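# Structural overview for review
Spelled out, the chains give:
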Amino acid sequence: MNSRVHSITFCLAMLIFMLSGCVTVDQKINLTYKPLDRSSGRNSGDVLVSRSDAASQLRNAKGEWVVGSLNNIHGVRQADILSDRMIGEWISDALVQELKKAGYSAKYAAQLPPATVRGVVIDDINVFMNVIKGNVTSETRHELKFNVDIILGGLKIKTVTIAARDNKTLPLTVSQEEKERIMLQSLQDAMQQVIPELIVLFNKK
């Protein structure tokens, strides 16, 4: 009997060790974007998109971007969620795609020329995902926030603050695909907020 109890205890200890060990491993996700299937009307004209990247965004020793954290039940950080792509690049590329879909001739520029006819500058970027692993489920908390400076004729005419949040309770192990889906949906939500605003201002006579 003692031998059986010892065996069960050993197996449980190994299981706990293996489960806790999984938390300590960094996980990678791909930051991609797909425009939503919706009509934005018929628009035309050149638009330049630029951005001011957050100096606080972290990279690890391998040069991978830190886009989130994996935490234990107490909220203590155990590992990182990583991507090969910078958050700012991900957002500006999404905006270019959406503007093209709306009919504009849009492209990215490292810096807007002084006399830019139609321009957008993305700044104050703050995007992060936290996964908190409990005993039987995990909580994902994701927030995406940035400002958009709208430029007409070389002048900033308006600043719009864009924000999207997503909090979910999921199975204990949150897959790479689920993390990517949460990030994608938040950015799609953000684009739904900013594109109509840009169209109205860019099409003003």
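Since the model is a prediction, treat every value here as computed from it, not as a measurement.

Take helix α2 (residues 87-101) next. The periodicity of an α-helix, 3.6 residues per turn, causes residues three or four places apart in sequence to face the same way. Helix length check: α2, at 15 residues, gives a terminal C-alpha distance of 21 Å against a target of 21 Å (1.5 Å per residue), a fit within 8%. Looking only at α2, the buried set comprises I87, G88, W90, I91, S92, A94, L95, V96, E98 and L99. Tucked into the core, α2 has its buried residues touching β2 (46-51), β3 (65-71), β5 (105-108), β6 (118-133), β7 (137-152) and α3 (176-202). Positive phi shows up at G103, right after α2, with a value of about 110 degrees.

Moving on: the pairing of β2. In terms of burial, β2 is a largely internal element, five of the six residues being buried. Both β2 and β5 contribute to a ladder of four bridges, which runs parallel. Paired with V47 across the bridge in β5 is A106. Here β2 pairs with β6 via four bridges, running parallel. Across the sheet, residue V49 finds its bridge partner in β6, namely V120.

What follows covers the side chain of E64. Summarising the element assignment, E64 is placed in the loop between β2 and β3. You can call E64 buried: its relative accessible area is 12%. Here the side chain of E64 touches K28 through a polar contact of 3.3 Å, side chain to side chain. For E64, the side chain forms a polar contact with the side chain of N60, separated by 2.6 Å. The contacts of E64, once residues within four sequence positions are left out, are K28, L58, R59, L82, S83 and D84.

Turning our eyes to something else, we now look at the packing of aromatic side chains. Considering all chains together, one arrives at one aromatic pair under this definition. Ring geometry for Y104 and F202: centres 5.8 Å apart, planes at 80 degrees, overall edge-to-face. Here F202 lies in helix α3 and Y104 lies in the loop between α2 and β5, a separation of 98 residues in the sequence.

Let's shift gears to the nonpolar core. Core analysis: the largest hydrophobic core is formed by 44 residues, its most contacted members being I91, L95, L99, F146 and L198. Where this core is concerned, the elements lending two or more residues are β2, β3, β4 (77-83), α2, β6, β7, β8 (155-171) and α3. With 11 residues, the single largest contributor to this core is α3. Discounting chain neighbours no more than four positions away, the residues touching L99 are V47, V49, Y104, A106, I195, L198 and F202. Judged by nonpolar contacts, the second largest core, of five residues, contains L48, A109, V121 and I151.

Phi is positive for D124, close to 50 degrees, though the residue is something other than glycine. The residue D124 is located in strand β6 in this model. Exposure remark for D124: the relative accessible area of 55% places this residue in the exposed category.

What counts as what
- Residues numbered from 1 in each chain as written.
- Predicted model: local features only at pLDDT ≥ 70, side-chain atom pairs only at ≥ 80, totals over all residues.
- Heavy atoms only, no water.
- Helix = DSSP H or I, 4+ residues; strand = E, 2+ residues; numbered from the N terminus.
- Expected span 1.5 Å × (residues − 1).
- Buried < 20%, exposed > 50% of the residue type's maximum accessible area, 1.4 Å probe, protein only.
- Contact = heavy atoms within 4.5 Å.
- Pairing = 2+ DSSP bridges.
- Polar contact = N/O pair within 3.5 Å; in protein donor to acceptor, adjacent residues only side chain to side chain.
- Phe/Tyr/Trp six-rings, centres within 6.5 Å; stacked < 30°, edge-to-face > 60°.
- Core = buried A, V, L, I, M, F, W, Y, C linked by side-chain atoms within 4.5 Å.

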